Amino acid sequence: MQLKSGSLFLFILIPVFAFGNVASVTVSGIVKESATKAPLGYVNVVLKTEKDSVFVTGTVTNEEGRFVIPTISPGNYVLEISFIGYKTKKQSLYVGSLTDYLDVATIELEEATETLNAVVITGEQEGVSAKMDKKTFAVADNISQSGGSVLQAMQNLPGVTIQDGKVQLRGSDRVAVLMDGKQTALTGFGNQSGLDNIPASAIEKIEIINNPSAKYDANGNAGIINIVYKKNKQEGFSGKVGMALGVGALWIKKENLPAIRPQYQGTPKINPSLALNYRKNNINLFFQGDYLYTHTLNKNEFVERIYEDGTIINQQTKRNRDTSLPTVKAGVDWSIDDYNTLTVSGFFSSEKILDRGDEPFFNQDYTTRYRLWQFLEDELKTTVMATAAYQHKFKEAGRLLNIGFNYTFHREDEKYFFTNIVPAYTGYDAFKLISDESVADLTLDYIRPLRYGRIESGLKFRRRTIPTNMLFIPGINSPLDTTAGGWAIYKETIPAVYGNYVFENKKYEAEIGLRVEYVGLQYDVNPEHSTYKSDGYNYTQPFPNIRLAYKINPQNKLSAFFNRRVDRPNEVDIRIFPKYDDAEIIKVGNPALRPQFTNLYEVGYKTGWKSGSFYSAVYHKASEGTITRVASTVPGSNLIYAIFQNAKRSYNTGVELVFSQEVSTCLSLNLNVNAYHNQIDDFSVENKYPEPHTFTAAKQEINSWNAKLNGLFRLKNAFEAQVTAIYLAPDIIPQGKIGTRFSLDVGIKKSIQKGKGELFMNATDLLNTMVIKREIQGAGFKYISNDYYETQIIRLGYSLKF
């Protein structure tokens, strides 16, 4: 299906929703004399359609006999090679959409009076991916989320849900997040982090990869999110300047419990941005700068805890957050010559977070306040990244060697100050945490086009260290566990090699790959720690991927996938220090945590017609050693300790549907439905903190689903409007379930100043209906929570290209 203007429905509210396949293909080859094997220069190479021999394009070989034909759409063709004194040679050529380059290798001409030709081929980008493994959307077209963060911008993407500040793909938050194809400390080397603090204004597009090939890291069983930063490629000086202003929490969802500080309301949001680019001859300079300043009602959770002995405790956790975040990315592309390119870039961000929290604890009928826990969190997160990327282009078009080095430093400087108010006294406590993360990645990737596909191979080496130090400063009658502080050092070494083969002809496609990784992890704990000791693990494991496809006809395709993935515990998952932002539900890591391995099976089908498309997938994931957080108590205490553990097996089986239709020239609709069955088998584990105790859980399972309906309205006078409705059915979470959620987002934009300027206005969760409801069942207790955190935001913005 061609991407015509009438097919914009494919990009409706996803904002530009496309599945990742190439837009064009380049065909290359070499022409030689049959008898002497000598290269033939200046040979005519013509590409014609197979059906009716209509001329498409042509070229001539260079002095070395090589030819290149770019920008060829997928289809069936004939190469006609002719040269004076030689017989004209014709050969069929199929151009698919899975690879950017095809190499027809050597074409030999026999002496005579006829001539030969050579050809270059490109592939069309269909609305639904040829591989059906990747979805892409352009952030600029996401009208209802303009001016927000990357996390907010992804809310409208089919197959994506947001829960607890993290992206979920098909019900799982085990997602690996990349920036320009690389893992960084800013977004997390293990599980995802930081997406809510990356301005969407800095981003060109976001790619969602459900079935990654072997060239990607094996981490992340739910898939990969690749965030692609903006970079202009036009000649000369160009740029873009923008400003977005917003206000959130327009009205109070639920009033505070008595005698605590007010919750934030009418919270300001400010996001100026500037992008500059200068390209001349063989040099390209680029700069992207953003500043994000927000006030947010980050948490407003009301919890009722019920214990077997009849005790009932009601509490509220209210957290007002101030955030300021400048980010800068700059670099240079240097085209050394026609075959060699070097890119050097740097990235810097400094995120300042101030949290002011109140946590009152009452009896069942709120007549007695047991305690008021107030805190100030002062945190500074600094990230510095340096990247060097070298690319060598061989004489054969599309044959590439890429060498990259990426170094990331990330400092977490966190200070907490607590006021513990009880009837008998007032205590003042504090702690300080310093964590310095250093990561060095060296990569080598090789790509070789073939006549019917390509081969890819490469290697990667990573060294990662995170020394951490926790200092507890107790007051009188302190509730802090001062014996659980001190130092710890996380050390990780990962070498990996991979190979991947892609094949495509008129009827069949195949992609078969294998990645082999060695992981050596050591977590050293100071010997004075009250509970945990040094621990670690290592393994060498294969991670295969297989994709097979059958093309029923040009509009219909069936695909089958198999993927093996791993989720390695991140450093914060095994961190030994208790966290006290909730005074009586305390989170602690677990150094004995081990990786979770997942096998994914999927069958997909896609079809398209002139004004729409339909995509469907049936999938099944089976995980061993499922990583989950376990909430438990110890005898004689009502404190709840939430500790990461490896459960046994878990399963996720479901179906995903994406339907797109251009109803008229003024209206496009996109409907995404994801229905699935989640199951966690029964398991028993020993929690060692604060003292050894056993936790046993029965099997959990639930049928759940979610749906997104997006509508894009093209109005008069260059106005466009977008409406997004999101519904999330109840789902299971560790030891419990999460309730129904619903939101409605709207946006409108207008192109001005002859297309160089743009105005937008949008509203997220317009009706202020998004509330997170949870029920947790533990041994001897249960708790019910409702989080009325800030979700309603109104934004107004302007941008200008120059």
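Just above, that's the structure.
Position labels on residues start from 1 in each chain and follow its written sequence. Predicted model: local features are reported for residues with pLDDT of at least 70 only, side-chain atom pairs are reported and counted for 80 or more only, and whole-chain, interface and lining totals are derived from all residues. Water and hydrogen atoms were dropped before computing side-chain values, which therefore reflect all heavy atoms in the structure.

Student: For the overall build of the chain, give the residues involved together with the corresponding values.
Tutor: In DSSP terms, a helix is any run of H or I states spanning at least four residues, a strand is any run of E spanning at least two, and both are numbered starting from the N terminus. Looking only at helices and strands, the chain has two helices and 45 strands in total. Taking the principal axes of the C-alpha coordinates as reference, the chain spans close to 105 × 60 × 50 Å. The buried label goes to any residue with under 20% of its type's maximum accessible area, the exposed label to any with over 50%, and the partly exposed label to all in between, with areas taken from a 1.4 Å probe on protein chains only. The 802 residues of the chain split such that 56% are buried. Only heavy atoms enter the contact rule, under which two residues are in contact if any of them lie within 4.5 Å. Counted over contacts in the chain with a minimum sequence separation of 6, partners at least 24 positions apart contribute 70%. Computed with a 1.4 Å probe, the accessible areas rest on the Shrake-Rupley method; for each residue, only the protein chains presented here act as cover. Roughly 31400 Å² of accessible area belongs to the chain as shown, and the carbon and sulfur atoms make up 58% of that amount.

Student: Could you give me a rundown of a nonpolar patch on the surface, with the residues and numbers involved?
Tutor: A cluster of nonpolar side chains, namely Phe237, Val241, Leu274, Tyr278, Ile283, Leu285, Trp334, Ile336 and Phe802, defines an oily patch on the protein surface of about 750 Å² accessible area. Elements supplying a minimum of two residues to the nonpolar patch: strand E15 (236–248), strand E16 (267–280) and strand E17 (283–307). By secondary structure assignment, the location of Phe237 is in strand E15. To count toward a patch, a residue needs a relative accessible area above 30% and no salt bridge. Like charges then connect within 9 Å, nonpolar side chains (Val, Leu, Ile, Met, Phe, Trp, Tyr) within 5 Å. Within this document, salt bridges are pairs made up of a side-chain nitrogen of Lys or Arg and a carboxyl oxygen of Asp or Glu, the two lying within 4 Å of each other.

Student: Outline the sheet that holds strand E2 (residues 25–33), supporting the account with residue identities and numerical values.
Tutor: Pairing between sheet strands relies on hydrogen bonds along the backbone, with the strands arranged either parallel or antiparallel. The mixed open sheet is built from three strands, whose spatial order is E5-E2-E8. The open sheet terminates on both sides in strands that have one partner only, identified here as strand E5 (66–72) and strand E8 (101–109). On average, each strand axis in the sheet is inclined to that of its neighbour by 20 degrees, with strand direction left out of account. One ladder, built from five bridges, connects E2 with E5; its direction is antiparallel. The partner of Gly29 across the bridge, within E5, is Phe67. By this definition, two strands are paired if DSSP reports at least two bridges between them. Simply put, an axis is a line fit to the C-alpha atoms, just over the touching stretch for a helix, and the angle between two N-to-C directions goes from 0 to 180 degrees.

Student: Give me the lowdown on the nonpolar core, citing residues and values where you can.
Tutor: What makes a nonpolar core is a set of buried Ala, Val, Leu, Ile, Met, Phe, Trp, Tyr and Cys residues whose side-chain atoms join them at distances within 4.5 Å. In this structure, Trp373, Phe418, Tyr523, Tyr580 and Tyr689 are the most contacted members of the largest nonpolar core, which totals 53 residues. If we ignore the near neighbours within four places in the chain, the residues touching Tyr689 are Asp481, Ala484, Thr531, Tyr532, Pro578, Tyr580, Val588, Tyr641 and Ile643. Formed by 25 residues, the second largest nonpolar core is a distinct cluster that contains Val150, Val160, Val167 and Val177.

Student: Can you lay out the sheet that holds strand E6 (residues 75–82) for me, pointing to particular residues and giving the numbers?
Tutor: Spatial strand order, E4-E3-E6-E7: four strands in an open sheet with antiparallel pairing. Each edge of the open sheet is held by one strand with a lone partner, namely strand E4 (55–60) and strand E7 (89–95). Shown here is a sheet whose adjacent strand axes are inclined to one another by a mean of 25 degrees, direction ignored. As paired strands, strand E3 (residues 44–49) and E6 are joined by six bridges and run antiparallel to one another. The residue of E6 that forms the bridge with Val46 is Glu80.

Student: Requested: an account of the packing of aromatic side chains, with residues and values cited.
Tutor: A pair of aromatic rings is counted whenever rings of Phe, Tyr or Trp (Trp by its six-membered ring) have centres within 6.5 Å, and the orientation is called stacked for planes under 30 degrees apart, edge-to-face for over 60 and tilted otherwise. Under the defined criterion, the tally for this structure stands at 23 aromatic pairs. Between the aromatic rings of Phe431 and Phe472, the centroid separation amounts to 5.9 Å while the plane-to-plane angle is 75 degrees, which identifies the pairing as edge-to-face. One end of the pair, Phe431, is in strand E22 (residues 425–450); the other, Phe472, is in strand E23 (residues 453–473), and 41 residues separate them in sequence. As far as the burial class goes, Phe431 and Phe472 line up, both buried. It is Arg399 that lies over the ring of Phe394; its NZ or CZ is 4.1 Å from the centre. Whether a charge sits over a ring depends on NZ of Lys or CZ of Arg being within 6 Å of the ring centre and within 35 degrees of the ring normal.

Student: I'd like a rundown of the pairing of E3, residues and numbers included.
Tutor: Bridge count between E3 and E4: five bridges; the pairing is antiparallel. Bridge pairing in E4 places Val46 opposite Gly58. With antiparallel pairing between neighbouring strands as the criterion, E3 and E4 make up a hairpin whose turn holds five residues, including Ser53 at a positive phi of roughly 60 degrees.

Student: Describe in detail the pattern of salt bridges, supporting the description with residues and values.
Tutor: All chains considered together, the criterion is met by 47 salt bridges. For Arg515, the salt bridge is made with Glu517, and the minimal N-O distance between the two is 3.0 Å. Accessibility assignment for this pair places Arg515 and Glu517 in one class, buried. Among the charged side chains, a salt-bridge network with shared partners connects Asp217, Asp441, Lys460, Arg462, Arg515, Glu517 and Arg568.

Student: Before we move on, could you go through the environment of Ser530 and cite the residues and values that matter?
Tutor: With respect to the helices and strands, the residue Ser530 is situated in the loop between strand E25 (508–525) and strand E26 (535–553). With a relative accessible area of 42%, Ser530 lands in the partly exposed category. Not counting the four nearest positions on each side in its chain, Ser530 is found in contact with Asp481, Thr483 and Ala484. Polar contacts involving the side chain of Ser530 include one to the side chain of Thr483, which spans 3.1 Å. Think of a polar contact as two N or O atoms within 3.5 Å of one another; within protein, one of them needs to be a possible hydrogen donor and the other a possible acceptor, and neighboring residues in sequence only count if both atoms come from side chains.

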